[in-house]
Amino acid sequence: MIAGNFTATDAASSGITLERKTLKALCRRSDLPGLIYLGKWALALVISGYGVYLALGTTWVWLAALIYGTVLSVPVYAMSHETAHGTAFRSRWLNETVMWICALLYLEEPLHRRYTHTNHHTYTWHVGKDSQISDIPMTFPIWLDEVSGFGLIRSHFRILTQLAAARYTETMKSVIPADEFPRLRRNAWCFLGFYVAIGVAIGSGATWLWWFLVLPTLLGRTVMLLFTVIQHVEMAENSPSILNSTRSCKSSPIASFLYLNMENHVEHHLYPQVPFFALPALHRELKDQLPTPDPGFWRTNI
C-alpha cells in the first residue's frame with residue numbers, strides 16, 4: 001500500500017520473505033490457545049492475589065501488590081493489544097468481549113486503541129504519521145516519567161475527556177472514521193463513569209478495591225511499561241524497514257507468558273496478522289533474516 005511517497009511498513013518494505021503456505025498456517029486463528037491462556041492467567045491472578053490477602057496489614061503487602069499487579073497489568077496490556085488486532089480468538093464476540101474488559105483495565109477506550117494502533121503499524125515510527133509516536137528524546141527524566149506510569153495515565157485520561165467532550169484532535173480525525181466518533185464518545189462516558197464509581201466505592205469503605213485493583217494496577221503498570229518502552233524507543237525514525245524501527249529481545253518463559261510472546265516484536269510488526277501463540281514459530285521461520293534480538297529485558301532498558 002502506498003500513500004503519496006510513503007510505502008506501508010511491513011515485511012515487503014523490510015525485504016523479508018516468507019512462503020505463502022507457511023504464513024497461511026501461522027495466521028490460522030483459534031479460540032483454544034486464547035482460552036487456555038485466560039485459564040492460566042486466572043489461576044496466576046488467584047495465587048498472586050492470595051499473596052496480597054495474606055500480606056494485608058503488613059509492610060509485605062507492597063511487594064505482594066507489586067507481584068500481583070505485574071501478573072494483572074502486563075497481560076492486560078498484551079491482551080488489549082492482541083484483541084485490538086482481532087487475533088486473540090477466532091470467535092469475534094469472544095475477542096471483542098476480552099478487548100473491552102482489558103481496555104477498561106488498561107484505561108484506554110478500545111476503538112481509539114484499535115484505530116490508532118492500526119495507524120501505528122502502517123506508519124511505524126514515522127514522525128508526523130505514526131499516531132502513537134512521541135518525537136521527544138528519551139532523556140532520563142522522560143524515561144522515568146514514562147515507566148512510572150503517570151505519563152500514560154495522564155495521556156489516557158486526557159484522551160477519554162477529549163472523547164467525552166467531543167473535542168477530537170486532528171490526529172484522531174486523521175485515523176478514526178467520522179461515523180465512529182459517537183460510539184467513541186459514548187464509550188468514553190461509560191469508562192469515566194466506571195472509574196468514578198470505583199473512586200466512590202473506595203471512599204465509601206470498599207477498601208478491597210484499593211488493595212486488589214487500584215494499587216496493584218499502579219504498581220504493575222511500571223513493570224508493564226518497562227516491557228513496552230523497549231519496543232521502539234531509540235530506534236531509527238522514518239525508516240521503511242521494520243528491522244530499523246522495531247526491537248525484539250530475549251525473554252524468560254514467565255515474561256513470555258505475561259507478555260503474550262510480544263518480545264518477538266519485530267516479527268509481530270512484519271506480520272501483524274499472526275496470533276500471539278504462533279509468534280515463537282514465526283520467529284523460528286524468520287530468524288535467519290532478522291537481527292539478533294537484544295539480550296534481555298533489563299539490559300535493554302539499561
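Residues numbered from 1 in each chain as written. Predicted model: local features only at pLDDT ≥ 70, side-chain atom pairs only at ≥ 80, totals over all residues. Heavy atoms only, no water.

**Considerations on the overall build of the chain**
Right, on to step 1. The helix and strand tally for the chain stands at 16 helices and two strands.
Right, on to step 2. Against the globule reference of 19 Å for 302 residues, the chain gives a C-alpha radius of gyration of 19 Å, in line with a compact fold.
Right, on to step 3. When its C-alpha atoms are laid out on the principal axes, the chain stretches across 60 × 45 × 45 Å.
Right, on to step 4. Here the chain holds 302 residues, and 50% of them are scored as buried.
Right, on to step 5. Pairs at least 24 residues apart make up 69% of the contacts formed inside the chain by residues separated by at least 6 positions.
Right, on to step 6. Put simply, the chain shows about 15,100 Å² of open surface, and 63% of that area lies on carbon and sulfur atoms.
Right, on to step 7. For the chain, the centre of its 24 positive side-chain charges and the centre of its 21 negative side-chain charges are spaced 6 Å apart. (Helix = DSSP H or I, 4+ residues; strand = E, 2+ residues; numbered from the N terminus. Rg over C-alpha atoms; globule rule 2.2 N^0.38 Å. Buried < 20%, exposed > 50% of the residue type's maximum accessible area, 1.4 Å probe, protein only. Contact = heavy atoms within 4.5 Å. Areas by Shrake-Rupley, 256 points an atom, 1.4 Å probe, with all protein chains shown as cover. Lys, Arg positive; Asp, Glu negative; His and termini not counted. Charge placed at Lys NZ, Arg CZ, Asp CG, Glu CD.)

**Some details on the pattern of salt bridges**
Right, on to step 1. For the structure on display, the rule yields six salt bridges.
Right, on to step 2. In this structure, E96 engages R114 in a salt bridge whose closest nitrogen and oxygen atoms are separated by 2.9 Å. Of the two residues, E96 sits in helix α5 (residues 92–106) while R114 sits in helix α6 (residues 110–122), which places them 18 residues apart along the sequence.
Right, on to step 3. For the salt bridge of R183 with E180, the shortest nitrogen-to-oxygen distance reads 2.9 Å. (Salt bridge = Lys/Arg side-chain N within 4 Å of Asp/Glu carboxyl O.)

**Describing the packing of aromatic side chains**
Think of a pair of aromatic rings as described by two things: how far the centres are apart, and how the planes are tilted against each other in angle.
Right, on to step 1. One pass over the full model with this rule turns up 14 aromatic pairs.
Right, on to step 2. Each ring, one from F157 and one from Y195, has its centre 5.5 Å from the other, and the planes form 65°; the classification is edge-to-face. Placement of F157 in helix α8 (residues 150–164) and of Y195 in helix α10 (residues 181–203) is noted, with a sequence separation of 38 residues between them.
Right, on to step 3. Residue classification places Y195 among the buried residues on the basis of a relative accessible area of 14%.
Right, on to step 4. One aromatic cluster is present, formed by Y37, W41, F257, F276 and F277 through successive ring pairs. (Phe/Tyr/Trp six-rings, centres within 6.5 Å; stacked < 30°, edge-to-face > 60°.)

**Looking at unusual backbone geometry**
Right, on to step 1. Even without being glycine, L107 reaches a positive phi, approximately 80°.
Right, on to step 2. If you trace the backbone, L107 turns up in the loop between α5 and α6.
Right, on to step 3. Of note in this structure, N238 is not a glycine but carries a positive phi near 60°.
Right, on to step 4. Mapped onto the fold, N238 is located in the loop between α11 (208–228) and α12 (242–245).
Right, on to step 5. Among the residues examined, N238 registers a relative accessible area of 43% and is labelled partly exposed.

**Notes on the side chain of H265**
Right, on to step 1. Summarising the element assignment, H265 is placed in helix α14 (residues 265–270).
Right, on to step 2. Contacts of H265, omitting those with residues within four sequence positions, involve Q231, H232, T246, R247 and S248.

**Some words on a nonpolar patch on the surface**
Right, on to step 1. A cluster of nonpolar residues, Y50, Y53, L54 and L56, forms a patch on the protein surface that exposes about 440 Å² of accessible area.
Right, on to step 2. Turning to its location among the elements, L56 is positioned in the loop between α3 (31–55) and α4 (61–85).
Right, on to step 3. Overall, L56 belongs to the partly exposed group, its relative accessible area being 33%. (Patch = residues over 30% accessible without salt bridge, like charges linked within 9 Å, V, L, I, M, F, W, Y side chains within 5 Å.)

**Regarding α3**
Every α-helical turn comprises 3.6 residues, leaving residues that sit three or four positions apart pointing alike.
Right, on to step 1. Its 25 residues give α3 an end-to-end C-alpha distance of 36 Å, which sits within 8% of 36 Å, the value for a rise of 1.5 Å per residue.
Right, on to step 2. Listing the buried residues of α3 in full gives G34, Y37, W41, L45, S48, G49, V52 and A55.
Right, on to step 3. In this structure, the buried residues of α3 make contact with α4, α5, α11 and α13 (253–258).
Right, on to step 4. Where α3 terminates, the next one or two residues include G57, which has phi positive at roughly 90°. (Expected span 1.5 Å × (residues − 1).)

**Let's talk about the packing of α4 against α11**
Right, on to step 1. Two elements in contact, α4 and α11, have axes whose closest approach is 6 Å; the angle formed by their N-to-C orientations is 60°. Both α4 and α11 take part in a crossing whose hand is right-handed. Here V61, W62, A65, L66, Y68, G69, T70, L72, S73, V74 and Y77 of α4 lie close against α11, whose contacting residues are W211, F212, L215, P216, T217, L219, G220, R221, V223, M224, F227 and T228.
Right, on to step 2. Of the residues contributing to the contact of α4 with α11, the split by class is 16 nonpolar, six polar and one charged. (Axes fitted to C-alpha atoms, helices over the stretch in contact; angles between N-to-C directions. Left-handed = near helix turned anticlockwise from the far one by under 90°. Nonpolar A, V, L, I, M, F, W, Y, C, P; charged D, E, K, R; others polar.)

**With respect to the nonpolar core**
Right, on to step 1. Counting residues in hydrophobic clusters, the biggest one holds 49 residues, and the most contacted among them are I16, M79, L270, Y271, V274, L282 and L286.
Right, on to step 2. A per-element tally of this core places α4 first, with ten residues.
Right, on to step 3. Residue contacts for L282: discarding those within four places in its chain leaves L18, L26, E267, Y271 and V274.
Right, on to step 4. In this structure, L107, I153, M172 and F191 belong to the second largest nonpolar core, which totals 18 residues. (Core = buried A, V, L, I, M, F, W, Y, C linked by side-chain atoms within 4.5 Å.)

**As for α5**
Right, on to step 1. When the terminal C-alpha atoms of α5 are compared, their 20 Å separation across 15 residues agrees well with the 21 Å that a helix rising 1.5 Å per residue should span.
Right, on to step 2. Turning to α5, its buried residues are L94, N95, E96, V98, M99, C102, A103 and Y106.
Right, on to step 3. In the core, the buried residues of α5 are packed alongside α3, α4, α6, α8, α10 and α11.
Right, on to step 4. L107 occupies a position one or two residues after α5 and carries a positive phi of about 80°.

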